[in-house]
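Residues per chain are reported as follows:
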Amino acid sequence: MTDRLIERPSGPFRVGDRVQLTGPKGKLQTITLREDGELHTHHGVLRHTALIGAPDGSVVTGSGGHEYLALRPLLRDFVMSMPRGAAIIYPKDAAQIIAEADVFPGAVVVEAGVGSGALSLWLLRALGSTGRLVSFERRAEFAEVAQANVETFLGGVPENWDVVIGDLVEALPATVAPASVDRVVLDMLAPWECIDVVADALTPGGVVLCYVATATQLSRVAEYIRATGLFTEPDANETMVRGWHVEGLAVRPDHRMIAHTGFLLWARRLAPGAVPPEQKRRASKSSYGDEDVELWTPGAVGDRQITDKNLRKRVREAQKAAGGARIAAASGETAPDA
Ligand SMILES: C[S@@+](CC[C@H](N)C(=O)[O-])C[C@H]1O[C@@H](n2cnc3c(N)ncnc32)[C@H](O)[C@@H]1O
């Protein structure tokens, strides 16, 4: 256990710190500092003592005369390179999850599944030393990967983090009191299976947020949440981040980007018995009537419509061109342009 979360990962390098070294030709290596530690490469030896006490962002020289830029890895760097059991939530989505689910310092947060622990690290950072994170995972070996990753990054397992092995549907009611959880984040294949127990666990006004990879999952979980009548109308979005190359006069978007990771959908728990004021909504497209069919005319969906007069003109033009082509074919000539 550690209270390391409340320490600032800054200041001069200390024994036990993880340090990312950028060596000759941009090669990256991460080391954990020890008093007697040495990094051996074919460029020579770099003693850890050259780093201990040096400021973050220093350049140190190894025995072969090669220079290394030394930086503490950012959380973003760590999650992208840490061992994975299951697919991780990318930093761009984790940042949005924190914002849309409104994870605040001191919050009681539930997440499932824990997977590789990437989101756990972001959540722990956002809820701070006064909050509590309970992470559920049905596969014990994934939970082990997540625990090891969190321990590696934070230098220990935080006291305010519990990992529960089991399916959220059974394990959540057995672990938390009803209406005691501020935020729930679901990153799993079938989040709709967990919405009932999540509704019981959430405090009134609390937020459930689902991260899903496909549009069909998005639709299914949205309809499930809506049908319970226990939540506000769900909101959804996705985040696309396009990097830019900014160098001299070459200032342009990167040629490549990660175009799709997943969608976020979130809703808030209503107070028991609360029925929100009716919103003016169009009827669902899955059960449309004559009125809806009217709405889907080409003009309504932005399809430019041709007038009858123009259409008759086009017919005449086309027939004239066809007549010309017929005459030309009969005489063996090329048809003139209509
Ligand atoms: C994509 S991974 C989660 C990755 C994680 N958010 C991260 O950033 O590293 C999905 C995980 O959910 C777990 N899972 C799926 N359904 C579950 C359920 N009902 N209860 C608990 N865990 C579940 C799976 O075993 C898997 O490890």
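Quick summary incoming for the structure in this document.

Conventions we followed
- Residue positions are given per chain, counted from 1 along the sequence in the order it is written.
- Only residues with pLDDT of 70 or above have their local features reported here, since the model is predicted, and side-chain atom pairs are shown and tallied only from 80 upward, although totals for entire chains, interfaces and linings are computed over all residues.
- For the purposes of this entry, the term helix denotes a DSSP run of H or I that reaches at least four residues, the term strand denotes a run of E that reaches at least two, and both are numbered from the N terminus.
- Field definition: a residue is buried when 20 or more other C-beta atoms are found within 10 Å of its C-beta, exposed when 12 or fewer are, and partly exposed for counts in between, with C-beta atoms placed from the backbone.
- Any two strands with at least two DSSP bridges between them are considered paired.
- A fitted line through C-alpha atoms serves as each axis, taken over the contacting stretch for helices, and the angle formed by two N-to-C directions is quoted from 0 to 180°.
- We call a residue near a molecule or strand when the C-beta position, derived from backbone atoms, sits within 6 Å of it.
- Just so you know the grouping, Ala, Val, Leu, Ile, Met, Phe, Trp, Tyr, Cys and Pro go in nonpolar, Asp, Glu, Lys and Arg go in charged, and all remaining residues, Gly too, go in polar.
- To estimate how far a helix should reach, multiply one less than its number of residues by 1.5 Å.
- Picture the helix axis, draw a direction to every C-beta atom, and the arc is the one those directions span.
- Any residue pair is listed as a contact if its two C-beta atoms, each placed from the backbone, are within 7 Å.
- Note on terminology: a nonpolar core is a set of buried residues of type Ala, Val, Leu, Ile, Met, Phe, Trp, Tyr or Cys, with members joined through C-beta atoms within 7 Å.

With that out of the way, let us pick up the overall build of the protein. Within the protein, the regular secondary structure consists of nine helices and 15 strands. Counting across all 338 residues of the protein, residues that qualify as buried make up 28%.

Here we take up the sheet that holds strand S5 (residues 58-61). With antiparallel pairing, four strands are arranged side by side in an open sheet as S2-S1-S6-S5. Taken across any chain shown, the strands that pair with only one partner, and hence form the sheet edges, are strand S2 (28-32) and S5. Strand-to-strand twist of the sheet, defined as the mean angle between neighbouring strand axes without regard to direction, takes the value 35 degrees. In this sheet, strand S6 (residues 67-71) lies alongside S5 in antiparallel orientation, the contact comprising four bridges. Among the inter-strand pairings, Val-59 is bridged to a residue of S6, identified as Leu-69.

Time to look at the site of the ligand. Residues in contact with the ligand amount to 23 residues; listed here are only the nearest, Ala-86, Gly-113, Gly-115, Ala-118 and Met-188. Looking at the shell around the ligand residue by residue, the classes come out as 14 nonpolar, four polar and five charged.

Further remarks concern unusual backbone geometry. Among all residues except glycine, the phi angle is most often negative; among peptide bonds, the trans geometry is most common. In this model, Ala-112 is joined to Gly-113 through a cis peptide bond whose omega is -15 degrees. Among the structural elements, Gly-113 can be located in the loop between strand S7 (108-112) and helix H3 (118-127). The phi torsion at Lys-25 lies on the positive side, around 65 degrees, for a residue other than glycine. Of note, Lys-25 is situated in the loop between strand S1 (18-22) and S2. Taking the C-beta count within 10 Å as the criterion, Lys-25 has 7 such neighbours and is therefore assigned exposed.

We now examine the pairing of S2. Direction of pairing for S1 relative to S2: antiparallel, over a ladder of five bridges. Bridge pairing links Leu-21 to Gln-29 in S2. Adjacent in sequence and paired antiparallel, S1 and S2 are bridged by five residues, among which Lys-25 carries a positive phi angle near 65 degrees.

Since the α-helix packs 3.6 residues into each turn, any two residues three or four apart lie on the same face. Taking 1.5 Å as the rise per residue, helix H4 (residues 140-154) with 15 residues should run 21 Å; its terminal C-alpha atoms sit 21 Å apart, in good agreement. Taken together, the buried positions of H4 are Phe-142, Ala-143, Val-145, Ala-146, Asn-149, Val-150 and Phe-153. Projected down its long axis, H4 shows its buried positions confined to an angular sector of 160 degrees, all on one face. More than 90 degrees from the buried face of H4, the exposed residues found are Ala-140 and Glu-141.

With that settled, the discussion passes to the sheet that holds strand S10 (residues 181-187). Two pairing modes exist for strands in a sheet, parallel and antiparallel, and in both the strands are linked by backbone hydrogen bonds. Strand order in the open sheet made by the seven strands is S9-S8-S7-S10-S11-S15-S12, with mixed pairing throughout. Looking at strand neighbours, the two that pair on one side only are strand S9 (161-165) and strand S12 (235-238), the edges of this open sheet. Ignoring strand direction, the axes of neighbouring strands in this sheet form an average angle of 15 degrees. With four bridges joining them, S12 and strand S15 (residues 263-268) adopt antiparallel strand pairing. Across the sheet, residue Asn-237 finds its bridge partner in S15, namely Leu-264. In the packing of H4 onto the sheet, the strands contacted are strand S8 (132-137) and S9, and the crossing angle to S9 comes to about 165 degrees. Seen against the sheet, helix H5 (residues 168-175) touches S7, S8 and S9 and runs at an angle of roughly 150 degrees to S8.

Formed by 65 residues in total, the largest nonpolar core has its most connected members in Val-110 and Val-208. It is H3 that contributes the most residues to this core, eight residues altogether. With sequence-adjacent residues up to four places away left out, Val-110 is seen in contact with Val-134, Phe-136, Leu-172, Val-176, Val-181, Val-184 and Ala-201. If you look at the next biggest cluster of nonpolar residues, it comprises seven residues, including Phe-13, Leu-46, Tyr-68 and Ala-70.

For Gln-29, the location among the structural elements is in strand S2. For Gln-29, a count of 13 C-beta atoms within 10 Å translates into the label partly exposed. Separated by ten residues in sequence, Gln-29 and Leu-39 place their C-alpha atoms 9.6 Å apart. Setting aside chain neighbours within four positions, we find Gln-29 in contact with Leu-21, Gly-23 and Leu-39.

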